[in-house]
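Listed below are the residues making up each chain.
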Amino acid sequence: ASSGNPTLYVDSNADWNIDNTAGSNIVHIENGGNVGIGTTTPAENSQKLTVWGGNLYVRGGDSKIIINNVAGASNQEDIVLQRNDATKFSLGLNSNDYFTLYGTTTTDTHLVVSDAGYVGIGLTTNTTIPLHVDRIGTAASIIKVTGSSAQIEIQTATAGDATLYMRPNSTG
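Notes on the structure in this doc start here. Here the structure is a predicted model, which means the values were calculated and not measured.

### So, the overall build of the protein
For step 1, the next point in the chain: Within the protein one finds 0 helices and 11 strands.
For step 2, the next point in the chain: Out of the 172 residues belonging to the protein, those deemed buried represent 15%.
For step 3, the next point in the chain: For the protein, restricting intrachain contacts to residue pairs at least 6 apart in sequence, the fraction spanning at least 24 positions comes to 3%.
For step 4, the next point in the chain: Total accessible area on the protein is roughly 13,300 Å²; 50% of this is exposed by carbon and sulfur atoms.

As C-alpha cells, this is what we get:
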C-alpha cells in the first residue's frame, strides 16, 4: 500500500484491504469473512464486524438495527455493554421473550418488561401486574421521592376513592 491515493489490495493472507490517502488501513476484510473498520484484526474477538475508534451510525427514513438471535438460548443477552472488556450491563430476552436488562450476568436481572407492558424491577421472574418492585433482602428504601415538590399520587380511572394497601409479605 502506498500513500497519495486510496488503495484497494489483497495482502499475503488473501485478505482484502482499503487504505486511505495517508496509507493507513481503514477497512480490512478477512478471507474468512470477518470485517474490520479501523482495525486489521476483526477476528481477534471472533466478531463478524469490528468497528474501532469511532461510532456506528445508522441513518435513513426507515433505518433500524435488527438483532435476530435465531439460535440463541433463553436468557440470552443480545446487546452487551462493556467497559475495558468487562460486562457491566446487557439487554436481551428472557425465557418468556420479555425484554430484560441484566447486570454482569444473565442471572443478575434488573428490569423485565413483558409484551403486555408490565414492568418488573428487581425481579428474577416475570410479573403479572403493571409495576412490580422487589428488593428482597434489602433494608434500604425501595421507592424514595425527594425534592421540594415531591409527591406520590394514586389516582383512580373513574370517580371514587383510591386505595393504598400496606400489608406484610406473608399475605401475598
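### Considering the sheet that holds strand β1 (residues 7-10)
For step 1, the next point in the chain: With mixed pairing, 5 strands are arranged side by side in an open sheet as β1-β2-β3-β4-β5. A strand with exactly one partner marks an edge of an open sheet, and here the two such strands are β1 and β5 (49-51). Looking at each pair of strands side by side, their axes are set apart by 15° on average, direction ignored.
For step 2, the next point in the chain: Two elements, strand β3 (residues 25-29) and strand β4 (residues 35-37), share 3 bridges in a ladder whose sense is antiparallel. In the sheet register, His-28 faces β4, and the bridge partner there is Gly-36.

### Some words on a nonpolar patch on the surface
For step 1, the next point in the chain: Among the surface-exposed residues, Leu-56, Val-58, Ile-65, Ile-67, Ile-79, Leu-81 and Phe-89 lie close enough to one another that they form a single nonpolar patch of about 660 Å² accessible area.
For step 2, the next point in the chain: Mapped onto the fold, Ile-67 is located in the loop between β5 and β6 (76-83).
For step 3, the next point in the chain: Of the residues examined, Ile-67 reaches a relative accessible area of 47% and is grouped as partly exposed.

### Considering the pairing of β1
For step 1, the next point in the chain: By the bridge criterion, 4 bridges tie β1 to strand β2 (residues 16-19) in an arrangement that is antiparallel. Across the sheet, the residue bridging to Tyr-9 is Asn-17, located in β2.
For step 2, the next point in the chain: Taking the residues that link successive antiparallel strands as the turn, the β1-β2 hairpin has 5 residues, and the phi of Ala-14 there is positive, at about 65°.

### Some thoughts on the side chain of Asp-15
For step 1, the next point in the chain: One can find Asp-15 in the loop between β1 and β2.
For step 2, the next point in the chain: Separated by 2.8 Å, the side chain of Asp-15 and the backbone nitrogen of Asn-31 make a polar contact.

### Notes on the pairing of β2
For step 1, the next point in the chain: Residues Asn-17 and Asp-19 of β2 are buried on one face, while the alternating residues Trp-16 and Ile-18, pointing to the opposite face, are not.
For step 2, the next point in the chain: In sequence, β2 turns back onto β3 through a hairpin of 5 residues, with Gly-23 there showing a positive phi of about 90°.

### What about unusual backbone geometry?
What you tend to see is this: most non-glycine residues have negative phi, and most peptide bonds are trans.
For step 1, the next point in the chain: Residue Ala-14 is not a glycine yet carries a positive backbone phi of 65°.
For step 2, the next point in the chain: Within the secondary structure layout, Ala-14 lies in the loop between β1 and β2.
For step 3, the next point in the chain: For Ala-14, a relative accessible area of 34% translates into the label partly exposed.
For step 4, the next point in the chain: At Asp-85, a position not held by glycine, the phi torsion is positive, near 65°.
For step 5, the next point in the chain: Relative to the helices and strands, Asp-85 is located in the loop between β6 and β7 (86-93).
For step 6, the next point in the chain: Look at Asp-85 and you get exposed, because its relative accessible area is 70%.

### Observations concerning the environment of Gly-32
For step 1, the next point in the chain: Structurally, Gly-32 can be placed in the loop between β3 and β4.
For step 2, the next point in the chain: The spatial distance from the C-alpha of Gly-32 to the C-alpha of Ala-14 is 9.5 Å, given a sequence separation of 18 residues.

### A closer look at the environment of Gly-33
For step 1, the next point in the chain: Among the secondary structure elements, Gly-33 is positioned in the loop between β3 and β4.
For step 2, the next point in the chain: Residues Gly-33 and Gln-47, 14 residues apart in the sequence, show an inter-C-alpha distance of 9.8 Å.

Each value, and the rule that gives it
- Residues numbered from 1 in each chain as written.
- Predicted model: local features only at pLDDT ≥ 70, side-chain atom pairs only at ≥ 80, totals over all residues.
- Heavy atoms only, no water.
- Helix = DSSP H or I, 4+ residues; strand = E, 2+ residues; numbered from the N terminus.
- Buried < 20%, exposed > 50% of the residue type's maximum accessible area, 1.4 Å probe, protein only.
- Contact = heavy atoms within 4.5 Å.
- Areas by Shrake-Rupley, 256 points an atom, 1.4 Å probe, with all protein chains shown as cover.
- Pairing = 2+ DSSP bridges.
- Axes fitted to C-alpha atoms, helices over the stretch in contact; angles between N-to-C directions.
- Patch = residues over 30% accessible without salt bridge, like charges linked within 9 Å, V, L, I, M, F, W, Y side chains within 5 Å.
- Salt bridge = Lys/Arg side-chain N within 4 Å of Asp/Glu carboxyl O.
- Polar contact = N/O pair within 3.5 Å; in protein donor to acceptor, adjacent residues only side chain to side chain.

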